[in-house]
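# A structural walkthrough
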Amino acid sequence: MKIKAKEKKGIVEVKILLDNPMIGKEESVLKKTEVDFLTHVTAKVNGKIVWEASTGPFLSKNPYFMFNFKGAKKGDEIVIETIDNKGKTESDKDAIK
Amino acid sequence: MQRRKFLSLSATAAAVASVLPASLSATDFRTTAPKAWEAPSSKEAIEALFGSAAMIDGQIEIKAPKLAENGGAVPIGIKSNLDLATVALFQDANPRSAVVVFELPENGVADLMTKIKMRKTANVTVVAKGRDGKLYSAVQKVEVSIGGCGG
């Protein structure tokens, strides 16, 4: 996963690009593969949740998100956690610039 | 024989349920509102998630292309000056309507963007619940020239 976080005038803009095929029921039949998509994505700074999303298979392949939040400064660490439909979790972090 | 089959089936179902780890967050809308994710139309999905209360128009801006060339990744931006707690995105182009439900912290900034799949021209609907408890909505039609979602 790729994370970019930039602070400007007290607002942090975060862009994330996740790695997941986002295959739902219908697509799995067409492509003859397993259903495989992310169900939840969470962003945390200093242990506090700053953004989260319950997700479904109609997001694009390798989902992209942009979001903004207040209350963090340059150098703080942002942690992105994801969980997929089989319960597999992934996590990555980056410093806010 | 049938009874034995049934018993073994329920045993595997229980085993699958128990290996799932606890949700990462306190409010996972996939578990709290499972019906909303199965609903074929936006209207039903919105009712399952937010109920059928009146909604206020004109306070949320959807930034989406009028004509999307690639239905596999249609950029959808959501912007508002309101203090929103929950922002949900629906569309009528795919077999099921709900796409994503965002949750924002208090004093958050409602400025979001994501990319979705649309296999045909349809309306994209955003419904948000403000921290004032009111529901807000916005609708925009997006024309898709080449459909996504596996054709």
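See the structure above.
Each chain carries its own residue numbering, running from 1 in the direction its sequence is written. A letter from A marks each chain and a number from 1 marks each ligand, given out in the order of writing. This being a predicted model, a pLDDT of at least 70 is required before a residue's local features are given, and a value of 80 or more before pairs of side-chain atoms are given or counted; all residues contribute to the totals for chains, interfaces and linings.

### Thoughts on the overall build of chain B
- A run of H or I in DSSP becomes a helix once it reaches four residues, and a run of E becomes a strand once it reaches two; helices and strands are each numbered from the N terminus. Check the secondary structure of chain B and you find four helices and nine strands.
- Listed by position from the N terminus, the elements making up chain B come as α-α-α-α-β-β-β-β-β-β-β-β-β.
- For chain B, the residues scored as buried account for 35% of the 151 residues in total.
- By definition, residues are in contact whenever their C-beta atoms, placed on the basis of the backbone, come within 7 Å of each other. Taking the contacts inside chain B whose residues are at least 6 apart along the sequence as the reference set, 67% of them involve residues at least 24 apart. Partly exposed residues are those falling between the two cut-offs: more than 12 but fewer than 20 other C-beta atoms within 10 Å of their own, whereas 20 or more means buried and 12 or fewer means exposed, with C-beta atoms placed from the backbone.

### Re helix α4 (residues 42–50) of chain B
Residues and elements named next belong to chain B.
- All of the buried residues in α4 are Ser42, Ala45, Ile46 and Leu49. One side of α4 carries all its buried residues, which in axial view fall inside an arc of 100 degrees.
- Buried residues along α4 sit against α3 (34–38), β5 (84–91), β6 (98–103) and β8 (122–130).
- Just downstream of α4, Gly51 is the residue with a positive phi angle, here 85 degrees. Regarding the arc, it is the one traced by the directions from the helix axis to the C-beta atoms.

### A look at the environment of B:Glu106
- By secondary structure assignment, the location of B:Glu106 is in the loop between β6 and β7 (109–116).
- Separated by 23 residues in the primary sequence, B:Glu106 and B:Asp83 place their C-alpha atoms 7.3 Å from one another.

### Some thoughts on the interface of chain B and chain A
- With 35 residues of chain B at the interface, the matching set in chain A holds 31 residues.
- Counting only elements with at least two residues in the side of chain B that touches chain A, the list comes to α2 (29–32), β6 and β7 of chain B.
- When the residues that make up the side of chain B that touches chain A are grouped by side-chain class, the tally is 20 nonpolar, nine polar and six charged.
- A pair of strands is treated as paired once DSSP finds two or more bridges between them. Pairing of strand β4 (residues 48–55) of chain A with β6(B), which is carried by four bridges, proceeds in the antiparallel orientation. The partner of A:Glu52 across the bridge, within β6(B), is B:Glu103. Note on residue categories: nonpolar means Ala, Val, Leu, Ile, Met, Phe, Trp, Tyr, Cys or Pro, charged means Asp, Glu, Lys or Arg, and polar means any other residue, Gly included.

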